[in-house]
Amino acid sequence: MGSKADLRKTLLARRAALPEAEAARLSLLIQEHILNCPAWQNASQVLIYSPIRKEADTALLLADALDKGKQVLFPRCVPGQAGIMELAACPGPAAMRPGPFGILEPDPKLCPALRGEDLHPDTAVLPGVGFDLHGYRLGYGAGYYDRILTGPEFNQTYLVGAAYAFQIVDDLRPDPWDQRLDAIITENGIIY
């Protein structure tokens with residue numbers, strides 16, 4: 001394997017080349033596997049992401065969580081603090097707006113950031129550019145998720161990577177700050 005930068009470039013190109021209809025079909029399968037996962041079913045507070053650049057979609061997860069009365073968290077960039085995110089509960093799609101990178105995030109006027117005892121995600125579904133068979137993820141390189149996942153509120157969180165099967169590689173050679181996931185879920189099922 002070459003550098004992480006080379007791998008990131010290769011995987012992003014492959015994802016960009018995925019036809020829209022195929023991305024939608026695979027995303028549906030990925031979400032159905034997540035919905036069938038006991039960690040999702042038993043969770044009362046879940047963290048999901050707003051997909052960009054053909055990341056696996058999360059719309060079905062959001063609809064299911066809201067329908068079942070789960071509290072849904074989304075990450076939001078903290079203004080003026082590069083690489084730092086906070087988490088906010090979102091009551092639904094109408095409370096989302098584009099953030100600094102054009103990614104939909106909870107509107108700060110409607111959705112205050114959660115902290116302390118209010119923040120206890122049972123399950124977190126995370127995006128990534130790539131994942132390996134040991135449970136490590138390759139992000140875009142800015143470390144947003146690696147930083148937030150080190151918080152004490154994530155000590156008991158079941159961490160799930162949502163990915164297309166082609167995003168799985170043998171070994172990413174993780175850095176010391178990389179957070180290991182509990183499962184990676186692709187259109188083919190769950191990898192523990």
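The coordinates are above.
Now for a description of the structure that goes with this document. (Residues numbered from 1 in each chain as written. Predicted model: local features only at pLDDT ≥ 70, side-chain atom pairs only at ≥ 80, totals over all residues. Heavy atoms only, no water.)

**Some thoughts on the overall build of the protein chain**
Right, so step 1: When its secondary structure is counted, the protein chain shows five helices and twelve strands.
Right, so step 2: In summary, the protein chain has a C-alpha radius of gyration of 16 Å against a globular reference of 16 Å for 192 residues, a match within 12%.
Right, so step 3: By principal-axis analysis of the C-alpha atoms, the protein chain measures approximately 45 × 35 × 30 Å.
Right, so step 4: Per-residue burial over the protein chain gives 51% buried out of 192 residues.
Right, so step 5: Within the protein chain, counting contacts between residues at least 6 apart in sequence, those at least 24 apart form 70% of the total.
Right, so step 6: When the accessible surface of the protein chain is split by element, carbon and sulfur atoms take 55% of a total near 9400 Å².
Right, so step 7: Of the side chains in the protein chain, 18 bear a positive and 23 a negative charge, and the two mean positions are spaced by 5 Å. (Helix = DSSP H or I, 4+ residues; strand = E, 2+ residues; numbered from the N terminus. Rg over C-alpha atoms; globule rule 2.2 N^0.38 Å. Buried < 20%, exposed > 50% of the residue type's maximum accessible area, 1.4 Å probe, protein only. Contact = heavy atoms within 4.5 Å. Areas by Shrake-Rupley, 256 points an atom, 1.4 Å probe, with all protein chains shown as cover. Lys, Arg positive; Asp, Glu negative; His and termini not counted. Charge placed at Lys NZ, Arg CZ, Asp CG, Glu CD.)

**A few points about the environment of Leu 28**
Right, so step 1: Tracing the backbone shows Leu 28 in helix H2 (residues 20–35).
Right, so step 2: Along the sequence, Leu 28 and Ile 103 sit 75 residues apart, while their C-alpha atoms lie 20 Å from each other.

**Brief notes about the packing of aromatic side chains**
In this description, an aromatic ring pair is defined by two values, namely the gap between the centres and the angle between the planes.
Right, so step 1: A complete count under the given rule lists two aromatic pairs for this structure.
Right, so step 2: Taken together, a centroid distance of 6.1 Å and an interplanar angle of 80 degrees make the contact between Phe 101 and Tyr 144 edge-to-face. Residue Phe 101 is located in the loop between strand E4 (96–98) and strand E5 (104–106), and its partner Tyr 144 is located in helix H5 (residues 144–148); the two are separated by 43 residues in the primary sequence.
Right, so step 3: What makes Phe 101 exposed here is its relative accessible area of 56%.
Right, so step 4: When the ring of Tyr 164 is compared with that of Phe 166, the centres are 5.6 Å apart and the planes differ by 15 degrees; the resulting orientation is stacked. (Phe/Tyr/Trp six-rings, centres within 6.5 Å; stacked < 30°, edge-to-face > 60°.)

**Points about the pairing of strand E11 (residues 183–186)**
Right, so step 1: By the alternation rule, side chains of E11 split into Ala 183 and Ile 185 and Ile 184 and Thr 186, which are all buried.
Right, so step 2: When strand E9 (residues 158–162) meets E11, the two strands line up parallel, connected through three bridges. What sits directly across from Ala 162, in E11, is Ile 185.
Right, so step 3: Following E11, the chain reverses through two residues before pairing antiparallel with strand E12 (residues 189–191). (Pairing = 2+ DSSP bridges.)

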